[in-house]
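What the coordinates show
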Amino acid sequence: MASSEMPFRQFVIKVHSRCDLACDHCYMYESADQSWRSRPRVIALETADLIGERVAHHARTHGLDSVKYVLHGGEPLLAGAQHLSAVIEKLCRPLDGVATVDLRIHTNGVLLDRGFCDLFASHGVSVGVSLDGDRAANDRHRRYANGRTSHPRVLEALALLRQPEYRHLYAGILCTVDIMNDPVAVYDALKAEEPPRIDLLLPHATWDSPPPRPLEPETGLPQSTAYADWLIRIHQRWMRDGKPFGIRIFDSVSSMLAGGPSQTEAIGLEPSDLLVIETDGSIEQVDSLKVAFEGAPATGMSVLHNDLDAASDHPGMMSRRRGLDGLSAQCRACPVVTTCGGGYYPHRYRSSNGFDNSSVYCADLLHLIEYIARTERAVTLEGAPRQPVSISAGSLRELETGFGGAAAVAELVQAQASINRLLLAEAGIRAASHNAHARVAWQSLLALDATAPAELAVTLTHPYFRAWAAKIIAGATDSSVAGHLAAFALTATSRAGSEAELTIPVRSGAVNLPGLGRFLIDEGMREVRVRTAPDRLSFNVGRTLWTVPTDSTVELPKAVEERWQPITMLNSRGFAARIEDTDPERDCHQWQVSDRLSQAARVAWQDRFDTAWRLILDDHAAYAPGLAAGLTTITPLAAHPDGHKVSAAARQAFGAVGMALPDRADLFALLLIHEFQHAKFGAVLDLYDLYDESDSKLYYAPWCNDPRPLGGLLQGTYAHVAVTDFWRVRRQLDTGSEAAAAEIQFARWRSQTTDAVDALAANGSLTPAGRAFIEGIRATLTLWLAEPVSPSAEVAADLRARQHRQTYVSAVQRATTA
């Protein structure tokens, strides 16, 4: 992909170029580049307005559904609350109806007060605060110009962010590593501030100006892994504490080891999607390049004169978007290159050869990644299984409210990946004991785990892998089910671009490759030899060898096209989900699955999905990041004969939502949001005991005509928080009779979901974690109960609730007498 085809999604906006502290480790003022001296102190509103227009044009051009603004400095609060508010409005207004905006601000905290917090609450600005640990650690670098400590003021700012009315603004703490500080003392001090996340930042350095290191006593040489050793001390304490909050560098390493994305530009191979815009409108690369040389971040471009796409073609930006090809030979040969990614780009600089080097923290990164791989990897396929990866306390609290953004859902995805490895370790051995072809496939998977772990991890994220594994672990011995292990092995091999040949059982007249598609087989055949190669799949059917290119853009011969049924994708504004209408394990939902869709049906699904996703982005944006992070698959279900809406999520199929195609886009949006709530809650139940499973009583659920077990009532309550919110928003945005109908739905579901919460809270079978979950839901509903509703809507909602209760009672009586 050309660099100009890779859009920018993150924009660091320098709103003030001066600072009220004099931190001696600051790259802005203490490094080689001193361009701040010639820049305006504060960004002009005209410049902010132009930035907003440029970003909106960029988002429209590339079909972006969201962008991130980070308000930065210097110290951005020096701009003042009134000017900051105006800047935010200028930046965001052009994006109305174009893309949602994730607004953040990074501050040293010393000026943060209730006025600023109220401003940030009104604009939805998340706040990250810099703090290097306890007072001794923080005072080592973060002081006023006169040497006075800043520590008490920063603690006051953090205490303010912990207040209930501002807690949702608290994004986390940024801490610059200093190995002269006690790592455990630093960790304990940061933990005491109850952050949702922490960013541990390696101090900016280059090969010309390397970071300070203690000397080895024996050799007198600098200790090559001193920074890794410091971080590992924190990692050990963090793991022992049960990960009470996210730590971005550790979470990123774990995610990439499991085949997921990095959460930071400091490591990983993902192409950079970040631009910096200075107070004068200058467009720059990442501003930490200031540590390299004078003018290092400059592009020579400005929003006053240049479109943002022009920056994509700047040589520096292009070099940060080349992935593996953009790294030094030493990095390309490294065993952890796909996780490390060469380290942070500015840290590779040497005046003699530019950025064609490994990171100045190379040895540290290697040591840290190998340590985490040894200690945090959920399971080795041949080793003894361990517990699945947990999620941070901050993410759990976020999920307890009924919501959950991209980071929280990404942690659930990572936990599910670790569970799937545990399942593969058990199901693979069991399948191999029942089927000769599965034994060969198991050996292939063991080899892939060593040579292509990322591709294997991606394959295991297919939602119906777990449904298959659960069957095997439950005792299924049918050779066609056990032999399906080979299908997962070949899919992973194909993703890795490697060669293998395995036998796959024929199931329902086809051989299936999960996530890729299925190949129709002649009647009477029970198994087929399938071969993967870097550019093709080959199916040996009888005496005919059928070849399918892995490049989906290659036109297929008609005879091949009639047999090969590839997975197709639904796309809208940068988000994609597969239509899964081929996998033999997709029938794990309680409703009948649909047959393979016709081309006309696919067009209808794409049209409805596109409209629904745009509606979610525009009107229900709180759910969009979580959906984008965790929803991978939509499984078409057969329509109900009476025309009732049909949808489902399966506990054994995280990432998938099943539904019959709704006739309206708003119902499509509602079903996506509603069913993914079930998926999130099921993923939480995989990690935490929320109730006593020995409770065998059945309970009334306001959304069902039959009594439900306690776990089912919990599931439904969590899902109906989102249903309530959906109609809450719709009654505000719809008009006429649609708004009146939405108001009735809102009044009904907020009341009945609250009733369910009350019933659960009074139940003695909830664990402490379960009670915390219910209280989190209650806090969300309490806010909505305060919203006024018309008397007519209240009456109509109450009537519907009573009618449902009577229907339920009648159904229970009929079941009892039968």
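Refer to the structure presented above.
Below: a short report on this structure. Sequence order as written defines the numbering, with residues in each chain counted from 1. Selection of residues for local features in this predicted model requires a pLDDT of at least 70, selection of side-chain atom pairs for listing and counting requires 80 or more, and totals for whole chains, interfaces and linings are taken over all residues. The basis for the side-chain values is all heavy atoms of the structure; hydrogens and waters are excluded.

Observations concerning the overall build of the chain
The cut-off we apply is this: In this text, helices come from DSSP runs of H or I with a minimum length of four residues, and strands from runs of E with a minimum of two, each type numbered from the N-terminal end. Based on C-alpha atoms, the radius of gyration is set beside the globule rule, defined as 2.2 Å times the residue count to the power 0.38. A simple rule labels every residue: compare its accessible area, found with a 1.4 Å probe on the protein chains alone, to the largest value its type can have, and call it buried under 20%, exposed over 50%, or partly exposed in between.
The number of helices and strands found in the chain is 29 helices and 24 strands. Against the compact-globule benchmark of 28 Å for 818 residues, the chain has a radius of gyration of 28 Å, which places it among compact chains. Its C-alpha atoms give the chain principal-axis dimensions of about 85 × 70 × 50 Å. Burial analysis of the chain (818 residues in total) assigns 56% to the buried set.

Some points on helix 3 (residues 81-92)
The periodicity of an α-helix, 3.6 residues per turn, causes residues three or four positions apart to be oriented the same way. Under the convention used in this document: Between the first and last residue of a helix there are one fewer steps than residues, each counted as 1.5 Å, and that sum is the expected span. It is the directions from the helix axis to the C-beta atoms that the arc portrays. Any two residues whose heavy atoms approach within 4.5 Å are treated as being in contact.
Over its 12 residues, helix 3 extends 16 Å from the first C-alpha to the last, a length consistent with the 16 Å expected when each residue adds 1.5 Å. By the burial criterion, the buried members of helix 3 are Leu 84, Ser 85, Val 87, Ile 88, Leu 91 and Cys 92. On an axial view of helix 3, the arc spanned by its buried residues comes to 160°, and they lie on one face. Of the surrounding elements, those touching the buried residues of helix 3 are strand 1 (10-14), helix 2 (45-62), strand 2 (66-72), strand 3 (100-107), helix 4 (114-123) and strand 4 (125-130).

As for the side chain of Ser 359
Note on placement: Ser 359 falls in the loop between helix 13 (337-340) and helix 14 (362-376). Beyond its immediate sequence surroundings of up to four residues, Ser 359 is in contact with Trp 207, Gly 342, Gly 343, His 347, Arg 348 and Leu 365.

A look at the packing of aromatic side chains
To describe a pair of aromatic rings, one takes the distance between the centres and the angle between the planes. The cut-off we apply is this: Two aromatic rings, drawn from Phe, Tyr or Trp (for Trp, its six-membered ring), form a pair once their centres lie within 6.5 Å of each other, and the interplanar angle then sorts them: stacked below 30 degrees, edge-to-face above 60, tilted otherwise.
Per the stated rule, a full pass over the model turns up 27 aromatic pairs. Consider the rings of Trp 238 and Phe 250, whose centres lie 5.4 Å apart with planes at 40°: the pair is tilted. In this pair, Trp 238 is assigned in helix 8 (residues 226-240) and Phe 250 in helix 9 (residues 248-257), connecting sequence segments 12 residues apart. The two residues Trp 238 and Phe 250 agree in class, both being buried. Relative to Phe 773, the ring of Phe 681 lies with its centre 5.5 Å away and its plane at 80°, an arrangement referred to as edge-to-face. Pair noted here: Phe 681 is in helix 25 (residues 665-685) and Phe 773 is in helix 28 (residues 768-785), with a separation of 92 residues, a long-range link. Here Phe 681 and Phe 773 have matching classes, each one buried.

Description of unusual backbone geometry
The step from Gly 73 to Gly 74 runs through a cis peptide bond, and the omega angle for that step is 20°. Here Gly 74 lies in the loop between strand 2 and helix 3. We note that Glu 194 has phi near 50°; this positive angle belongs to a residue other than glycine. Structurally, Glu 194 is set in the loop between helix 7 (183-192) and strand 6 (197-201). For Glu 194, a relative accessible area of 44% translates into the label partly exposed. One non-glycine residue, Ser 508, lies in positive phi territory at about 55°.

Here we look at the nonpolar core
Formally: Buried Ala, Val, Leu, Ile, Met, Phe, Trp, Tyr and Cys residues that are joined via side-chain atoms within 4.5 Å together make up what is termed a nonpolar core.
Trp 468, Leu 485, Phe 519, Phe 539, Ile 634 and Phe 773 are the most contacted members of the largest nonpolar core, which has 119 residues in total. Per-element tally for this core: the top contributor is helix 25, with 13 residues. With 91 residues, the next largest nonpolar core counts Val 67, Leu 91, Tyr 166 and Leu 275 among its residues.

Here we look at the environment of Glu 411
Counting through the fold element by element, Glu 411 comes out in helix 16 (residues 406-434). For the pair Glu 411 and Arg 466, spaced 55 residues apart in sequence, the C-alpha separation works out to 18 Å. Once residues lying within four places of it in the same chain are set aside, the contact partners of Glu 411 are Arg 197, Asp 251, Ile 391, Ser 392 and Ser 395.

Some points on the layout of surface pockets
This is how the line gets drawn: For cavity detection a 1 Å grid was placed over the protein atoms alone, and a set of points counts as a cavity when a 1.4 Å probe fits there but cannot get out; an open set counts as a pocket when protein lies on both sides within 12 Å along at least five of seven lines, with lining residues being those that have an atom within 4 Å of a point. Grid points are joined across faces, edges and corners, and a volume is the space filled by probe spheres set on the points. All residues other than Ala, Val, Leu, Ile, Met, Phe, Trp, Tyr, Cys, Pro, Asp, Glu, Lys and Arg, Gly among them, are scored as polar; the first ten of these are nonpolar and the last four charged.
Empty space within the second largest pocket amounts to approximately 1500 Å³. Of all the elements in the fold, those that place two or more residues in the lining of the second largest pocket are strand 21 (647-648), helix 25, strand 24 (708-709), helix 26 (710-733), helix 27 (736-761) and helix 29 (791-817). For the lining of the second largest pocket, the per-class residue count stands at 18 nonpolar, 16 polar and six charged.

Concerning the environment of Leu 545
Within the secondary structure layout, Leu 545 lies in strand 16 (residues 544-549). C-alpha of Leu 545 to C-alpha of Thr 100: the two residues are 445 residues apart in sequence and 49 Å apart in space. Non-local contacts of Leu 545, meaning those with residues more than four positions away in its chain, are made with Ser 538, Phe 539 and Asn 540.

Here we look at the sheet that holds strand 13 (residues 517-520)
Definition in use: Any two strands between which DSSP finds at least two bridges are classified as paired. Helix axes are fitted to C-alpha atoms over the stretch in contact, other axes to C-alpha atoms as well, and angles between N-to-C directions run from 0 to 180 degrees.
Spatially, 12-13-17 is the arrangement adopted by the three strands of the open sheet, whose pairing is antiparallel. Of all the strands in the sheet, just strand 12 (510-513) and strand 17 (564-566) have a single pairing partner and so form its edges. With direction set aside, neighbouring strand axes in the sheet form an average angle of 15°. One ladder, built from three bridges, connects strand 13 with strand 17; its direction is antiparallel. Each residue of the ladder has a partner; that of Arg 518, found in strand 17, is Gln 565.

With respect to the packing of helix 2 against helix 3
Our working definition: For classification, angles of less than 35 degrees are called roughly parallel, those exceeding 145 degrees roughly antiparallel, those between 65 and 115 degrees roughly perpendicular, and all remaining angles oblique. Crossings are sorted by hand: turned counterclockwise from the far helix by less than a right angle, the near helix makes the crossing left-handed, and turned clockwise it makes it right-handed.
Orientation of helix 2 relative to helix 3, taken along the N-to-C sense of each, is 25°, at an axis distance of 7 Å. It follows that helix 2 is roughly parallel to helix 3 by the angle criterion. Pair helix 2 / helix 3 crosses with right-handed handedness. Mapping the contact onto sequence places Leu 45, Ala 48, Asp 49, Ile 51 and Gly 52 in helix 2 and His 83, Ala 86, Val 87, Lys 90 and Leu 91 in helix 3. Residues belonging to the contact of helix 2 with helix 3 are distributed by class as follows: six nonpolar, two polar and two charged.

Points about the pairing of strand 22 (residues 656-659)
Of the two faces of strand 22, the one holding Ala 656 and Gly 658 and the one holding Val 657 and Met 659 are both buried throughout. By the bridge criterion, four bridges tie strand 20 (residues 633-636) to strand 22 in an arrangement that is parallel. Residue pairing in the sheet places Ile 634 in a bridge with Val 657 of strand 22. Of the strand pairs in this sheet, strand 21 and strand 22 are connected by two bridges, and their pairing is antiparallel. Bridge pairing in strand 22 places Ala 648 opposite Gly 658.

Things to note about the sheet that holds strand 1
What holds strands together in a sheet is hydrogen bonding between their backbones, with the strands either parallel or antiparallel. Read from one edge of the open sheet, 10 strands run 7-6-5-4-3-2-1-8-9-10, paired in mixed fashion. At either end of the open sheet lies a strand with only one pairing partner, and these are strand 7 (246-247) and strand 10 (298-302). Sheet topology places strand 5 (residues 170-176) next to strand 6; four bridges connect them, and they run parallel. By the bridge assignment for strand 6, Leu 174 is matched with Asp 199. Sheet contacts for helix 3: strand 1, strand 2, strand 3 and strand 4; angle to strand 2, the most-contacted strand, approximately 155°.

Comments concerning the side chain of Thr 149
What counts here: Two N or O atoms count as a polar contact when they lie within 3.5 Å, although within protein this holds only if one can serve as hydrogen donor and the other as acceptor, and sequence-adjacent residues are included solely when both atoms are side-chain atoms.
Turning to its location among the elements, Thr 149 is positioned in the loop between helix 5 (135-139) and helix 6 (151-161). Owing to a relative accessible area of 15%, Thr 149 belongs among the buried residues under this scheme. Of note is the side chain of Thr 149, whose polar atom sits 2.6 Å from the side chain of Asp 139. For Thr 149, the side chain forms a polar contact with the main-chain nitrogen of His 151, separated by 3.1 Å. When neighbours within four sequence positions are excluded, Thr 149 is seen to be in contact with Arg 135, Asp 139 and Tyr 144.

A few points about the pairing of strand 6
Here is the rule: With its strands directed away from the observer, a crossover is right-handed exactly when the path from the first strand over the helix to the second travels clockwise.
Following the backbone out of strand 5, through helix 7 and into the adjacent parallel strand 6, one traces a crossover that is right-handed. Sheet analysis places strand 6 next to strand 7, joined by two bridges and oriented parallel. Bridge pairing in strand 7 places Ile 198 opposite Ile 247. Following the backbone out of strand 6, through helix 8 and into the adjacent parallel strand 7, one traces a crossover that is right-handed.

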